[in-house]
Every structure is written in C-alpha cells, then in structure tokens.
Amino acid sequence: MKVSHIISLMLFFFCVTGFMSVQAQDMEVSGTVFDGQTEGTLPGVNISVKGTTRGTTTNAEGKYQLSVESLSDTLVFSFVGYEVQEIPIDGRNSINVTMNPTTLLGEEVIVVGYGQQRSQDVTGAISTVSPDDIDDVNTANFGDAIQGLVPGVNVSTTGAPGSEPSVEIRGLGNFSNNEPLYIIDGVPTSANRDFNVNDIESVQILKDASAAAIYGSRAANGVVIITTKSGQEGPMKVEYSSQIGREWLPRFDLMDREQWIDFNNRAYDNAIEAGVTGVTSRQDHMDGNTNWQDETFEPAWSYDQNLTLSGGGDLGTYLISLNTLRNTGTTIGSGSRRYGVRVNTEGSQGIFTFGENLAITSFQVDELDTNPIADVTRMLPTIPVYDEDNPGGYGYGDEDQARTFATNPIAKENLENRETENVRIRGNIFAELDFTDYLNYRLNYGLNYNSGSHNYLRKVGNWTLNQPYDPSRLYDERSEFQSHLIENTLTFDNDFGNHKVNTVLGQSFQTFREDFSWGEGTDLTRVGDDYFTVLDAATENYRTGGYLNEAAISSFFGRLSYNFDDRYIAEFTMRWDGTSRLPEDNRWGSFPSVSGAWRVSNESFFDVNWIDDLKLKASWGQLGSSNIGYYDYQGVLNINPQAVFGEDQQIRNGVTQVELVNQDLRWETLTQTNIGFDARLLDNRLTSSANYYISETEDVLTEMPILMTTGNDGGNPLVNAASLKNTGVEISAKWTEDFEESDFTYSIGVNFNRSRNEILSLGFDQVEFYTWQTKNEVGEPIGMYYLIETNGLFQSDQEVQNHTDSNGDVIQPDAEPGDIRYVDANDDGQITSNDRQIVGSPWPDFEYGLNVTAGYKNFDIRIQGFGAQGFDIFNGPRSVMDRFDDNSNYRKGIDPWTPQNTNTDFPRIIYADQRNSRGDQDRWLEDGSYFKIKNITLGYTVPNSWVENWFDRLRVSVTAQNMITFTGYSGLDPEFSAPNIFRRTHDDYMYPTPKNVTFNLQLSF
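- The name an unreviewed UniProt entry gives the protein chain is SusC/RagA family TonB-linked outer membrane protein, with Fodinibius salipaludis as the organism.
- In its Sequence similarities (unreviewed entry) section, the UniProt entry covering the protein chain states "Belongs to the TonB-dependent receptor family."
- UniProt, in its Subcellular location (unreviewed entry) section for the protein chain, records the words "Cell outer membrane".

This is how it looks when you write it as structure tokens:
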C-alpha cells in the first residue's frame, strides 16, 4: 500500500472524528470536586460518562464541565490514590463531589499484551514507568529516559548526537541481538531516536516469560509496551514545554607541549640506550602547540520544544502534538535535528469505536567519520592543526619530527561530509465492536514506514601520516523499510459472582520489506573548493548496487485469565508463530506459559495490621527468537567471479556459492521460571516487589567455523548449537509520605538487581572460544577478561634473574629494572599469549538505582541516580597513552620508574619496545564500580492565583544531568555503550555521556 494512501486514510479518520466532536449539542453537567482529606479542591480528576468514551478532567480549581446525552446517565469520578465514585445524574445540571483517599491501592489499570489488567491481578513480572518519572529528563531517546528506574533493565548509553542506547532486560539470552520488542500503541516497532518521549502516557515492561508469552517468538528479550497520550472530552487544552540546555564532554587530563616533549625525549633516550632497532636519535619536534581537545570538543546547545493540543466532543476526542529537537553536537562536525507531529484521535457511535494513532518524524544527523575521543589522545601537541605543505593543508605529523598515525579530526571533518536523514511514519488504525458489555472485537492495522538517505562526500586531501592519495569520491544510498500489520482480537471479560474471567483470542500477520540501493563514483567535478554533490558529477569508477529483502510472520494466540474472589489468580497463554526466515520444516513454533498468584492478604485468617496487601506469584513460560537475517538458511550465488578459459584465453563470467549455509535452522527457545511477591505496607506508604528468575536459552544461534577446504569462503554458517543460562534477583521498594499540615511530601524509591549468566554448552564438542581479550568458556559467564597477569616491577637485575619457572629457567631474560614482571601461568619459562588467564569480569556483582522526590508548597526537587558494583573495565585509552612504544599524547601526572624513582607502579618508558606495552596484560584492567547522579531537578510551580487569568498551570525548573559520578575508574566515564557483548566493558575510546544543564518551561491553558 502506498504511503500517501495510508496518510490519506488516517487523516480521513481524524476529520471524521473531529466532525463528530462538534455535531452533538447535548446537556451540560458541571461542578467542583473536593478533596475529602484536605477539604480543598482536587485538580486532575477524571470524569467520564459510564459506558461511553466521553470524559473530561477537573481544572486547576477542581472544576469541570461535561456534555451528556441524557440527565439519567451516570458519572464516574476517578483519581489515582482515591476511591472511584459512580454518581447518577438524576436530572441535575450541577454535581459537586467529595473524593476520599482509597484505603487499598492496587486498582490501577496497566496495559498488558492485547489488553489491560488491574495491577493487583498481575501474575507476571511487570514494571511500570509513569510520565512523572521521565518528565524532567532532558533526552532525545527512550532508553536514557528509563535508565535506573526499573530493576533488571540495563541501559548502556553513548553521548554522540543521534546515537541510540542499548536496552537489555534480564541479561543476555543469545550471542547477537538482545534488544527487547517494543509495542507502541499496539504496533511492534522500535522506540528509537525518532520517537518523542514527551508523547508517552504510560510504559509497561514485561520481564518474565508469562507476561511476554502473548508475543511469542519475538519476546525472548522482554517486551516494552508504550502507550501514547490521547485527548479527553472537553474544551481544547493547550500544553507547551520548552527546554534549552548547555552540554559538554568530560576531558582527558593530558600533557601540554613542554611536558610531552620531556617525556617523549626520555622514552627515546631509553630506547637508544637499550639499543632498540631503528631508534638512533630523538625526534626533532615540530613547532606546533595544539590542545587537540580545545580544537575538537565544543559546548553544545540543545533545544526541545513541544506543543500539544487536545480535547473532544461527545462522540470523539483528539490530540495533536508537535515537536522539534535540536542538538548542535559536543564535537566539531556533529549535530542532530528532529521534527515530529503526532495525531491521535478516537470516536464512537453506539457499539462502534474508531481511532488512529499516527506519528510522522524526520531525523537528521551530521556524523564525524572518525572517533574524536581517540583522535585527541593520539594526535601530538607539537603538531599544528594546519600545514599548507601537506595535501589538503592540514597537519598530521612527520616521520622525523612527529611520527604518529593518528587522525587529525579537524581535517577529517572538513575533508569529509556525512549526512543521514530518516523519515518515519508510524501508527495504527483500529476499529472496535462491543457486542455486549463483556464481548469486544478489535481490528488493528499497523504501519511502520521508514525512508532513509545517506550521503558521503570525500574531498581531496590527507588527514594522517603516510596516507596514499585518494581521489574525491561521492557515495549516495537510499533505503526504504516498510512493515504492515493486521491483527484481529476477540476479548471476553465478565464476572460471575466471585469468579472473574478474561479471555483473549487473536490472529496477527506482519510483513517486512527492505529496499536498498547505492551508487558511487570518484574524481568529482568541482569549481575551486566546491564539489558537485550529485552522482553525475563523478567522472571515474562508477558503481551501483542494491538489494531487496522480504519476510513475513504469522501468528495465532490466546490467553485465559481467571480470578476467584480476588484471592486466587491463574493465567494461561499460548502463541503459535511462523516465520519465513526459517526453513519450511522449522518455521512454526509454539510458546506456552502458565502463571498464578495468591493474594494472601485477602484471606480471612490473615490479620497483620501493618501489611495492607500481599501477593505471592509464580510463573513458567517459553519464548522464542530467530535472530537471523532474511535468507540465512538459503544458499546465495555470487555472480562476480571471473576466470580465463578456452584456447583464446578469454575472461568468462561465472557463478559460485561462496558461503555454505545451514538448511536446518530453527527457533532459539528461552524457558523461564519466575517467583516473587508484591506488597503494600504501613498504610500503603511502602510498596515493595521482589522477583527471582531462572532462564535457559537453548538452540542459541552461533557461527560455526568450518574449513575453507569445504569451499566455504563467505563467513561461518549459523547453527543452533549453544545453550545459555541466566539467574537473577530483582528488588524494588518505594516509601511515600504526605505531611499535609505542613505542605510537605516526599518519596524515596530504590531498586536492586543481581544477575548471572553462564554458558551451558557451545555444541559440536566445543568448550571455549576467544573474542579479542576475552574468553567464552562452558561453565563461565560470557566475555570474561583473559589477560596476562602482572606482578609488580623488577627493581634490580637480581630480581630479573630470580624470576624463574619450576625448572629454574629465567622467564624474562631480556627484562631490565623498571620493567613489568609477568606471571608465567603455564610454567613454560617464557611469556606468551598462552600465559593468559581469566583475571576479571565485566559483570557487576549488583546494580542499583535511587530515586528521591520532595515537594514543599510550590517547590519540588527530584534526584535520580544509579550505579553498578564489582566489575572490571578494560581502559582502552590508557592502554594507548601509557604504552610509550608508539607516539601519542600522555596522561598528565604519570610517574615512570627510573633508577632514582623506584617507589612507583608505572614501568620505565621506552620507545619502540613492547616489553611494557603489551595489549593483553591486566595492567589496563580497572575496577569499574560507580554511582552516578543522573538527574537533579529543582522546580517551582507558580501559584494559581497569580496566573489563573492566563494559565491553568505554569512551572519552571532547572535540571543538572550527569554532573556527579563516584568512581575509581580513571577513564572519562564508567558508563558507556559496549562495542559488542563479548567486549561488554571494553572502553575502546567510547563516547562519554555529556554533562548537561537544562532550563525548562511548562505551561497549559
């Protein structure tokens, strides 16, 4: 279906529902809602007409006005923490209501897969994030917004503009993709950088198999359900928020020109004295005096503007939100921009309900095609930024004066341009039919469309030493992704005395299509320094290419929930999935789950005054995953080979299968057991929850190396070989108290998570494999650090001679005083890579979060923090700056060993010698434990009496982000996004999280 048709259809629904909203002119009911506890008015109360979608909320003065069809209708008044009241109108035009705080919480309704449940009826492990939890977070993406709020949810961030964090729920279930499934307004999609977090109404995170089983084969990594905001019946409500922030990157403490020359000369002098081959003199240093961090890093401005219009009439509601977000980038040449619009509408007539949720966004990012975090340490302070003697006019060193192979980031930025833009259309159209009060049918169509473009321009010039000549080059790519979803669900929900039954039956079918094309050419036409940036401007080496991928998944599912007397709750779920990505014989998989809960506090024998509600729960279930490409089970022919045949020895084109494939691929299957409890204590002031889980993933897809003599030369084929295990404990608690007599409220929330993963098997008699400086071994966690252990420094020649193996052989005969003493782990009398051993773990002993809020009169404060304890980080930048066998900048304050300075743990420095600079030693491993205060927000809400003539609410606030981190790690930031799961805490010059101060204005009328 063409996108234009989709948009037209959605706009039609918007117009129809908007038309309906102005048609009916019925009777008006108005009044004021009072707080029975404070005797004041109560703003924000939801008022609805029972059995309809009509509704409104009280304003800042507690007043409301609502249109009704009949003065014999019933109004329903609800507010979080207060008892729900149903009041017949009985012919009245004015109804005042006093609402009292509820004595038993747990009536909140949360969104679950294909339905809703009362929180007290939930039998699985589900965590909820409210809009209040993320309102003050200045972030462009969903992952950053929930960081530290939910136990068992790990978010790894990066500060690069336009980047996306990695989200993991309950550890690793496979060796490839561990991102959860996102459901936004009922559509499977992703909450990526083009999603506006200001549109969020509620977030539910399904963490265990029973809660997520309704999504079957795509739920093995957990499920995040996001519901966006909707309008309420009543006059138009306008909400506006504006944020402006200033952010900057943390910096390395590096040597200046004079300090660097002194240490560099000492390293060369030691090399000359030791007779290092090829080193006969010091460098004849260049005249530059460059602070590369000043040249590359720059404070950034961030701007976030949101405008929301909402309201509705008797038969329909609407919400329109507009958003613009801009970040100028904390490094030269970077930046991002986002523009978005959302339209959510809903209308009803009798037993029919129609609606849509539509979001259109454009996201643009300017990318720097280098790693500036690495460049500022690799470039020498003696190198000038510009050098007219070099091609392109930039400085990058000299063989005799400044020998380094670092990249000049200023040159990279000016000689290369990279621009990426994505336009996404995401949303759904739904229709519902209420056959009775307890039987509902829903048809849902979902769309996820993305059009992407990427443009790369390479100008003539160099940015690094000994760089070969490259002609100007233009590369241009276009991509289009579209996914269409059709779902039919039938829901039965009814009470039979003490028996409550809820049943969902459904069918789902989703298609995927990915179309990609590219073109490139070199030697571009130019006028002076200006290049033509169209492919026709290339005069040499034209090339084009592309591909088309298509896939589909078909599903059938059902869920039966039973509740007896609000004491005994049981739930059964089953889903069948079939995917085109697997061979025909293995395409279908079934994924069942069962769960139950016992509300002990509702038993007649339970009489514990300080426990208001106690629920014990347990679950078991299976989930699936097919973490493979579109056609990984199918052999692919390569049409590029050429060979010379025949008497005339002509070049002939050929066809060959380069990569062998496994035609027996099947589902990865995760089986998980969860037990836990939910409790409310001490007059509902303390809420707590705890879960313990065990999960095992079988048939994990793994690349299996095979001999090239088989003819395989295109990568290792995938096989269902490995098995993984995860166990963990999650605990959360929140204390809330309201001192109404002094207008003071506060809450303290904490969460704790401890998880462990273990490789159970690797298949095919394999017991271990290695990835960079880590080892993956059966019986051990993934990615353990596998390095050579160090044991101090040699202080004398005698210590060198005394360092022997069991046979008395000297282990490091070439070592000198001041060199590192390595441990000969295999006792073979020499130090090689075979002496590596497991010396550290990337997995924390535990992770935790802290969230504190307080309010006094019109002032409020929020503090959000999180941390991890007991894990190791491989400090990549230090392994470069401290090695001295190659030229880079050096850390300020280092204290190398010399005959006159022996009381140090820093070895002697020597150029072009690897005795102390090995990359596989534990010298570079550090304790990564940290606690970061993510946000501190101070806000003030202007008294209503000051602004009631203009606004319903006016609030100003200031937020400081990432300003304080308690850690012993010497790198820029112990919190970063890992290169991959096997190098989970390898700080390979990872982009740190910026520090940020943001000013925020919020108003509504």
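**Details of the pattern of salt bridges**
When the charged atoms of two side chains lie near each other, side chains of opposite charge can form a pair.
Part 1 of the reasoning: This model, assessed by the stated rule, comprises 55 salt bridges.
Part 2 of the reasoning: The salt bridge partner of aspartate 194 is arginine 424, with a shortest N-O separation of 2.7 Å. Residue aspartate 194 is located in the loop between β14 (187-189) and β15 (200-206), and its partner arginine 424 is located in strand β22 (residues 416-434); the two are separated by 230 residues in the primary sequence. Take aspartate 194 and arginine 424: they sit in the same class, and that class is buried.
Part 3 of the reasoning: Residue glutamate 730 pairs with lysine 207 through a salt bridge whose shortest N-O separation is 3.0 Å. Separated by 523 residues along the polypeptide, glutamate 730 in strand β38 (residues 718-739) and lysine 207 in the loop between β15 and α4 (209-212) bring together distant segments of the chain.
Part 4 of the reasoning: Given a relative accessible area of 7%, lysine 207 falls into the buried group.

**Some remarks on the nonpolar core**
Generally speaking, a soluble globular protein has its nonpolar side chains buried in company with each other.
Part 1 of the reasoning: Counting residues in each nonpolar core, the largest one holds 42 residues, and the members touching the most others are Phe252, Phe263, Trp292, Ile373, Ile383 and Phe884.
Part 2 of the reasoning: Elements that contribute at least two residues to this core include exactly α5 (257-274), α7 (372-378), α8 (409-415) and α10 (876-881).
Part 3 of the reasoning: Considering every element that reaches this core, the biggest residue donor is α5, with six residues.
Part 4 of the reasoning: Beyond its immediate chain neighbours, meaning those up to four positions away, phenylalanine 263 contacts Met255, Phe884, Tyr890, Ile894, Pro896 and Ile909.
Part 5 of the reasoning: Val112, Ile183, Leu206 and Tyr215 belong to the second-largest nonpolar core, a separate cluster that totals 23 residues.

**Quick word on the pairing of strand β41 (residues 774-777)**
Part 1 of the reasoning: With four bridges joining them, strand β40 (residues 768-771) and β41 adopt antiparallel strand pairing. The residue of β41 that forms the bridge with glutamate 768 is glutamate 777.
Part 2 of the reasoning: In sequence, β40 turns back onto β41 through a hairpin of two residues, with tryptophan 772 there showing a positive phi of about 55°.
Part 3 of the reasoning: As defined by bridge partners, β41 adjoins strand β42 (residues 784-787) across two bridges and the pair is classed as antiparallel. Bridging from a neighbouring strand, lysine 775 pairs with methionine 784 of β42.

**Section: a nonpolar patch on the surface**
Part 1 of the reasoning: Taken together, the side chains of Trp248, Ile861, Ile936, Leu938, Met963, Ile964 and Phe966 make up a nonpolar region of the molecular surface, amounting to roughly 570 Å² of accessible area.
Part 2 of the reasoning: Listed by contribution, the elements that provide at least two residues to the nonpolar patch are β50 (930-941) and β51 (953-967).
Part 3 of the reasoning: The residue isoleucine 964 is located in strand β51 in this model.
Part 4 of the reasoning: The exposure class of isoleucine 964 is partly exposed, given its relative accessible area of 34%.

**Points about the confidence of the model for the protein chain**
Part 1 of the reasoning: Of the residues in the protein chain, 96% reach a pLDDT of 70 or more, and the chain-wide mean stands at 90.
Part 2 of the reasoning: Segment residues 1-25 is flagged for pLDDT under 50; beyond a separation of four residues in sequence, or across chains, it makes 38 contacts in the model.

**Details of the sheet that holds β42**
Part 1 of the reasoning: The strand order across the open sheet built from four strands is β40-β41-β42-β45, with neighbouring strands paired in antiparallel fashion. Both outer strands of the open sheet, β40 and β45 (837-840), are each paired with one neighbouring strand and no more. When the angles between neighbouring strand axes are averaged without regard to direction, this sheet yields 45°.
Part 2 of the reasoning: As paired elements, β42 and β45 share three bridges and run antiparallel to each other. Residue tyrosine 786 lies in a different strand from β45, and its bridge partner there is isoleucine 838.

**What about the domain arrangement of the protein chain?**
Part 1 of the reasoning: Here the protein chain is partitioned into domain 1 (21-99), domain 2 (109-242) and domain 3 (300-442 + 459-473 + 494-501 + 538-553 + 568-744 + 755-784).
Part 2 of the reasoning: In this structure, domain 1 and domain 2 have C-alpha centres spaced 31 Å apart.

**What about the packing of aromatic side chains?**
Part 1 of the reasoning: The tally for this structure, following the rule as stated, stands at 35 aromatic pairs.
Part 2 of the reasoning: Considering the side-chain rings of phenylalanine 739 and tyrosine 746, the 6.2 Å spacing of their centres and the 15° angle between planes classify their relative orientation as stacked.
Part 3 of the reasoning: A relative accessible area of 22% places tyrosine 746 in the partly exposed class.
Part 4 of the reasoning: When the centroid spacing of 4.1 Å and the interplanar angle of 25° are considered together, the rings of phenylalanine 884 and tyrosine 890 count as stacked.
Part 5 of the reasoning: In this structure an aromatic cluster arises from ring pairing among Trp260, Phe884, Tyr890 and Phe906.

Here is what the cut-offs are and how they apply
- Residues numbered from 1 in each chain as written.
- Predicted model: local features only at pLDDT ≥ 70, side-chain atom pairs only at ≥ 80, totals over all residues.
- Heavy atoms only, no water.
- UniProt positions renumbered as here; feature names shortened; annotations may be inferred.
- Salt bridge = Lys/Arg side-chain N within 4 Å of Asp/Glu carboxyl O.
- Helix = DSSP H or I, 4+ residues; strand = E, 2+ residues; numbered from the N terminus.
- Buried < 20%, exposed > 50% of the residue type's maximum accessible area, 1.4 Å probe, protein only.
- Core = buried A, V, L, I, M, F, W, Y, C linked by side-chain atoms within 4.5 Å.
- Contact = heavy atoms within 4.5 Å.
- Pairing = 2+ DSSP bridges.
- Patch = residues over 30% accessible without salt bridge, like charges linked within 9 Å, V, L, I, M, F, W, Y side chains within 5 Å.
- Areas by Shrake-Rupley, 256 points an atom, 1.4 Å probe, with all protein chains shown as cover.
- pLDDT = per-residue confidence, 0-100.
- Axes fitted to C-alpha atoms, helices over the stretch in contact; angles between N-to-C directions.
- Domains from an automatic or database assignment.
- Phe/Tyr/Trp six-rings, centres within 6.5 Å; stacked < 30°, edge-to-face > 60°.

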